[in-house]
Amino acid sequence: MYSRVYVEITNICNMNCSFCHGHSRAPRRMTKEEFSLILDKLAGHTNYIYYHLMGEPLTHPELPSFLQMAKESGFKSIITTNGTLLAKRGDELIRAGLHKVNLSLHSFENGSDADFEAYIKGTADFADAAAQAGVIVVFRLWNKGYDCGKNARIIELLRSRLGGDWAENARGIRIRDRLYLEWGERFGWPDREAPVQGDEVFCYGMRDHFGILCDGSIVPCCLDSDGVITLGNIFTDDIEAVLCSDRATAIKQGFERRHAAEELCRRCAYAQRFV
């Protein structure tokens, strides 16, 4: 049983953030029929679906239906979003049975001060309503050293909007029940042109998670934005055979020895934090 599976329902995004690696694939949205097939094939493999690899999940018009389908199939849904569309779609997401949402506040890098403050206040209002409805909400500031002085203002705006205890812990801050703020370092994505990061490599890919791109490609982790390490396709292949294939097994066993079986993994700066 995997702790989570990343499902990219779309690779289309409404922003172009400097920290995002991006991808070179054709724009695509997953259909309801395709998502239903994925739910059937993931039964018994995980309880948690993360709507995240590339793309902004809130740009998908069928997202509320996907959340409801997942809930009816016994899965818990976790969304990672830049939050810019929550004013339009937040209420329908809460009604659809969302389990948790990660709000990447470090996404909003451009625009006027007025737009920035309206964005933070809007995400805070959604977070307040979602938490009261039983949804776990995590504000993410994964931009240490790159915040351009905005993090202090973000916290000021969130405090004034949400109240709470703001108790610090190992990962960040517990604002109040079901509301959290999480710090993080900006990281380098794996890329075939990136430098080799070192002789030792460790990752949890294929150990406690794997990913599915919007065309059905199965990849070992959520950072393989172009499907460089495609192990199979969930729409056409037997998932048991893919997950137990020689290539998938070599990836997992390699990491157990602090060795990268795939060249892309040797060039992943994010994996170095686990060594």
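Look a little higher up for the structure.
Colleague: Hey, could you run me through the sheet that holds strand E9 (residues 209-212) in this one?
Modeller: By way of backbone hydrogen bonds, the strands of a sheet pair with one another, either parallel or antiparallel. The strand order across the open sheet built from 11 strands is E6-E7-E8-E5-E4-E3-E2-E1-E9-E10-E11, with neighbouring strands paired in mixed fashion. Pairing within the sheet leaves two strands with one partner each, and these edge strands are strand E6 (167-168) and strand E11 (232-233). Against the sheet, helix H4 (residues 113-132) touches strand E4 (100-104), strand E5 (136-144), strand E7 (172-176) and strand E8 (179-185), its axis set at about 145° to E5.

Colleague: What am I meant to see in the environment of Ala269 here?
Modeller: Tracing the backbone shows Ala269 in the segment after helix H8 (263-266). Exposure remark for Ala269: the relative accessible area of 28% places this residue in the partly exposed category. In sequence terms Ala269 and Glu72 are 197 residues apart; their C-alpha atoms lie 38 Å from each other. Leaving out residues up to four positions away in the same chain, Ala269 has contacts with Gly188 and Gln197.

Colleague: Quick question: what am I supposed to make of the side chain of Asn151 here?
Modeller: With respect to the helices and strands, the residue Asn151 is situated in helix H5 (residues 150-162). Side chain to side chain, Asn151 and Asn143 meet in a polar contact 3.0 Å long. Residues contacting Asn151, with those up to four places away along its chain left out, are Leu141, Asn143 and Trp183.

Colleague: Where do I start with unusual backbone geometry in this structure?
Modeller: Trans is the common state for peptide bonds, and a negative phi is the common state for residues other than glycine. If you check the backbone angles, Trp166 has positive phi at about 55° while not being a glycine. Tracing the backbone through its elements, the reader meets Trp166 in the loop between H5 and E6. Look at Arg178: it is not a glycine, yet its phi comes out positive at around 70°. With respect to the helices, strands and loops of the structure, Arg178 is situated in the loop between E7 and E8.

Colleague: Could you clarify how one ought to interpret H4 in this entry?
Modeller: At 3.6 residues per turn, the α-helix brings residues three or four places apart onto the same side. With 20 residues, H4 extends 29 Å from end C-alpha to end C-alpha; this agrees with the ideal 28 Å at 1.5 Å per step. Regarding H4, the residues found buried are Phe116, Tyr119, Ile120, Thr123, Ala124, Phe126, Ala127, Ala130 and Ala131. Taken around the axis of H4, the buried residues stretch over an arc of 165°, which confines them to a single face. The exposed residues of H4 that point more than 90 degrees off its buried face are Ala114, Ala118 and Gln132. Positive backbone phi, approximately 100°, marks Gly134, located one or two places after H4.

Colleague: Explanation requested: the packing of aromatic side chains in the structure shown.
Modeller: For any pair of aromatic rings, the description rests on two quantities: the centre-to-centre distance and the angle between the ring planes. Going through the model one piece at a time under the given rule, you end up with six aromatic pairs. Their ring planes at 70° and their centres at 6.5 Å tell us that Phe202 and Phe255 sit as a pair that is edge-to-face. One end of the pair, Phe202, is in the loop between E8 and E9; the other, Phe255, is in helix H7 (residues 246-256), with 53 residues separating them in the sequence. One Lys or Arg, Arg4, reaches over the ring of Tyr50 and ends 5.9 Å from the middle of that ring.

Colleague: What exactly am I supposed to notice about the pattern of salt bridges here?
Modeller: Pairing between side chains becomes possible if they bear opposite charge and their charged atoms approach one another. Scanning the entire structure with this criterion turns up 16 salt bridges. Here Asp128 makes a salt bridge to Arg176, at a shortest N to O gap of 2.5 Å. Here the residue Asp128 occupies a position in helix H4, and Arg176 occupies one in strand E7, the gap between them amounting to 48 residues. On the basis of relative accessibility, which here comes to 23%, the residue Asp128 falls in the partly exposed class. One salt bridge connects Arg140 with Glu182, and the closest N-O pair in it is separated by 3.6 Å. Taken as a pair, Arg140 in strand E5 and Glu182 in strand E8 lie far apart in primary sequence, 42 residues in all. In this structure, Arg140 and Glu182 share a single accessibility class: buried. Three or more residues joined by partner-sharing salt bridges are found here, namely Glu117, Arg153 and Glu156.

Definitions and cut-offs
Residues numbered from 1 in each chain as written. Predicted model: local features only at pLDDT ≥ 70, side-chain atom pairs only at ≥ 80, totals over all residues. Heavy atoms only, no water. Pairing = 2+ DSSP bridges. Helix = DSSP H or I, 4+ residues; strand = E, 2+ residues; numbered from the N terminus. Contact = heavy atoms within 4.5 Å. Axes fitted to C-alpha atoms, helices over the stretch in contact; angles between N-to-C directions. Buried < 20%, exposed > 50% of the residue type's maximum accessible area, 1.4 Å probe, protein only. Polar contact = N/O pair within 3.5 Å; in protein donor to acceptor, adjacent residues only side chain to side chain. Expected span 1.5 Å × (residues − 1). Arc of directions from axis to C-beta. Phe/Tyr/Trp six-rings, centres within 6.5 Å; stacked < 30°, edge-to-face > 60°. Lys NZ or Arg CZ within 6 Å of the ring centre and 35° of its normal. Salt bridge = Lys/Arg side-chain N within 4 Å of Asp/Glu carboxyl O.

Geometry only, nothing functional implied.
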